[in-house]
Amino acid sequence: MADNLPSEFDVVVIGTGLPESIIAAACSRSGQSVLHVDSKNYYGGNWASFSFSGLLSWIKENQKTDVSDECEDWRKLILENEEVISLNKTDKTIQYVEDFCFSNQDSAEDVEEAGALSKLPVFGAAGAEGAAQESEKECTPMESALPGAESWEPGKAAGSDPASATEGNDTEITSESGSSHNSALGESTLELGKTEAAPSETSAQEPKKITYSQIVREGRRFNIDLVSKLLFSRGLLIDLLIKSNVSRYAEFKNATRILAFREGKVEQVPCSRADVFNSRQLTMVEKRLLMKFLTFCLEYEQHPDEYQDYESSTFAQFLRTRKLTPSLQHFILHSIAMVSETDCSTLEGLQATKKFLQCLGRYGNTPFLFPLYGQGEIPQCFCRMCAVFGGIYCLRHSVQCLVVDKETGRCKAILDHFGQRISANYFVVEDSYLSESTCKNVCYRQISRAVLITDQSILKTDSEQQVSILRMPPVDVGQPAVCVIELCSSTMTCMKDTYLVHLTCPSTKTAREDLEPVVQKLFNLNTETEKETENEELEKPRVLWAVYFNMRDSSGIDRNSYDSLPSNVYVCSGPDSALGNDCAVKQAETIFQEMFPTEEFCPPPPNPEDIIYEEDELAPEDSGFNNSPETKPEPAPEEGSGRGSTTVEQEHREG
């Protein structure tokens, strides 16, 4: 199909990261013809998720140092009145990749991944339907669905429906019929205490010993994100998923707890009203002080006299004036506001605290949701929407250059690796595709990332199925705080009896230098052959496997920093170091409105009942089959028994 593409489109999008995928979906939804290409053989770019074998291939690819220059015969196809903006053929956004194995390497070279095909695995494919179904049998997902009701009572928290099933995770998109696990999302009214899994009967005091060969064999159980993020329950991305009905392509799980690291120990932070009053780690006086301060933060704009004198101070200094105990100050600063102790102003801290509190209770007792099968599902959901409305997708499709008209200064076409010229009115390019000459004046930041596979949770409780977020204060002066997200097997991101831990911070050095001190504080890095002498090391979760890498942060770069960029070419950034996805959504909406100022950004899809078919067309219900994205599979009796659930479509019709 790639060498027979149409020669004209309204919009050409290069790169399948989150901002590009949102833009492609918005353009396709508004009636524009869209070509969406990516030189990689997986969706998502630096937002992608990999199986374990896929991640090993990605690591090997990014550890290569010698890259041969390709032939530039395509330049003969450029006319005299045209000039070109060359694009990168290789991704240079990943640096200093180091991986380590701490578990017993028992002849893992001869072990094959369960269910793997004889050919090389496609990057980003999270697993075949059969593997996903087996995964459901072993680890029942506890999804949190996007609900219709937004109100909450302080003592209650929405949970998730264990009966809801996920049909699979095959995410390559070619046409409308390519949409998968099209499940209706609804809000479950089960209380949080009922959603947490009961202690496993097989779990003993000591964790099971996991070997490297087991990790390789169960590699398809893993969905490992390159970028670690959570979704704020009242954030821009959740609002967009609901509004556009893209949420029907994904399922979510609540982050079940927020942790703090204080005095060398990890402890759970009470954040909802019920958590505060049920907490045994706070005195009655501390509970009252905390509730009084959090109530003030929710309506701080109405009481400017209480913070105006401290606007030039840091948030940490402001907290010291509020008669809060040191432990409460630590909880608020690092686990609720999640801001810097030295750089965050009072107003920024109050805004962050208010945002946290406003997100509480919408879907659970924390403000955060995590997509089942990993963050890489979200870009693919928007790609599905684009494909449903006629967008064309080509992976493994390199673009040699942008062709610019010398007279007008506008980009008129792209030239692909087949030598085909494809014209368009607008072009959207992910930053990593731009050449060094175009980006010579751009100053990039870096993100330090680490991914660990561990044998137990950093804070053991009766329930093994916990999704935890921990913000580690800076280890040394001048070092950034580190965001730690720990995922359990019910998120469909790791195999049973293991945890997947993501660490993220803005880079000051290499990722290993930035993050290894934090890893050493939280985990046991000894291999099985080494003798552990200290009891503290025995109590810590043991790291089975780890990878460190630095990723380029191209967010927040001014358009004028790029050299000689035509006015109809728009640049999307890669992931930033923030916990949420607001930057990507804002960027996508801004670019879309610049291209099509009169069009609505990702409007709700049409109601199937309102579609009028012409006489010569066959209505879907008369044809015997229907590929419409609104079609939902009939739930099995046990799947349809979720109490109080309501679909996202109903939310919009009622709201």
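As the structure is a prediction and not an experimental result, all values here were calculated from the model. Counting starts from 1 at the beginning of each chain's written sequence and moves along it residue by residue. In view of the model being predicted, local features appear only for residues whose pLDDT reaches at least 70, and side-chain atom pairs are presented and counted only at 80 or more, with totals across whole chains, interfaces and linings using the full set of residues. Hydrogens are left out, water is left out, and the side-chain values use all remaining heavy atoms of the structure.

**Student:** Is there a simple way to explain the packing of helix H6 (residues 236-244) against helix H15 (residues 582-595) in this structure?
**Tutor:** Helix packing geometry: the angle between the two helix axes and the distance between the axes. Working convention: axes come from line fits to C-alpha atoms, limited for helices to the stretch in contact. Angles between N-to-C directions cover 0 to 180 degrees. We count a stretch as a helix when DSSP gives it H or I for four or more residues in a row; a strand needs E for two or more, and each element gets its number in order from the N terminus. Contact geometry for H6 and H15: axes closest at 8 Å, N-to-C directions at 55°. As the angle between them shows, H6 and H15 are arranged oblique. On H15, the residues that touch Leu-236, Leu-237 and Leu-240 of H6 are Asp-582, Val-585 and Lys-586. Tallied by class, the residues present in the contact of H6 with H15 amount to 4 nonpolar, no polar and 2 charged. Each angle is binned into one of four classes, with values under 35 degrees roughly parallel, values over 145 roughly antiparallel, values of 65 to 115 roughly perpendicular, and all other values oblique. Here, residues are in contact when the closest pair of their heavy atoms is within 4.5 Å. Residues are grouped as follows: Ala, Val, Leu, Ile, Met, Phe, Trp, Tyr, Cys and Pro are nonpolar; Asp, Glu, Lys and Arg are charged; every other residue, Gly included, is polar.

**Student:** Looking at this model, I keep getting lost on the side chain of Arg-552. Mind explaining?
**Tutor:** Within the secondary structure layout, Arg-552 lies in strand S21 (residues 543-553). Looking at Arg-552, the relative accessible area reads 16%, which means it is buried. Looking at Arg-552, its side chain comes within polar contact range of the side chain of Asp-431, at 2.9 Å. Relative accessible area decides the class of each residue, using a 1.4 Å probe on protein chains only: under 20% of the type maximum gives buried, over 50% gives exposed, and in between gives partly exposed. We call two N or O atoms a polar contact when they sit within 3.5 Å, provided that within protein one can donate a hydrogen and the other can accept it, with sequence-adjacent residues counted only if both atoms are side-chain atoms.

**Student:** Explanation requested: the packing of aromatic side chains in the structure shown.
**Tutor:** Two aromatic rings, taken as a pair, are described by how far apart their centres are and by the angle between their planes. Any two of the Phe, Tyr and Trp rings considered here, Trp counted by its six-membered ring, make a pair once their centres fall within 6.5 Å; the pair's planes then place it as stacked at under 30 degrees, edge-to-face at over 60, or tilted in between. A complete count under the given rule lists 21 aromatic pairs for this structure. Plain terms: the ring middles of Tyr-42 and Phe-50 are 4.9 Å apart, the flat faces sit at 75° to each other, and that makes the pair edge-to-face. Each member of the pair Tyr-42 and Phe-50 is classed as buried. By the ring-pair criterion, three or more aromatic residues cluster together here, those being Phe-293, Phe-296, Tyr-310, Phe-315 and Phe-318. Geometrically, a lysine NZ or arginine CZ counts as sitting over a ring once it is within 6 Å of the ring centre and also within 35 degrees of the ring normal. In this structure, Arg-552 packs its charged tip against the face of Tyr-444, placed 4.1 Å from the ring centre.

**Student:** What's the story with the layout of surface pockets in this structure? I'm lost.
**Tutor:** Site definitions follow a grid-based scheme: protein atoms alone, a 1 Å grid, a 1.4 Å probe that fits but cannot get out for cavities, and for pockets an open set with protein on both sides within 12 Å along at least five of seven lines, plus lining residues having an atom within 4 Å of a point. Grid points are joined across faces, edges and corners, and a volume is the space filled by probe spheres set on the points. Approximately 1200 Å³ is the volume found for the second largest pocket. Lining the second largest pocket are 40 residues; nearest its centre among them are Met-338, Val-339, Ser-340, Arg-471 and Ala-578. Every element with two or more residues in the lining of the second largest pocket is listed here: helix H10 (326-336), helix H11 (346-359), strand S19 (482-487), strand S20 (499-506) and H15. Residues that form the lining of the second largest pocket fall into these classes: 20 nonpolar, 11 polar and 9 charged.

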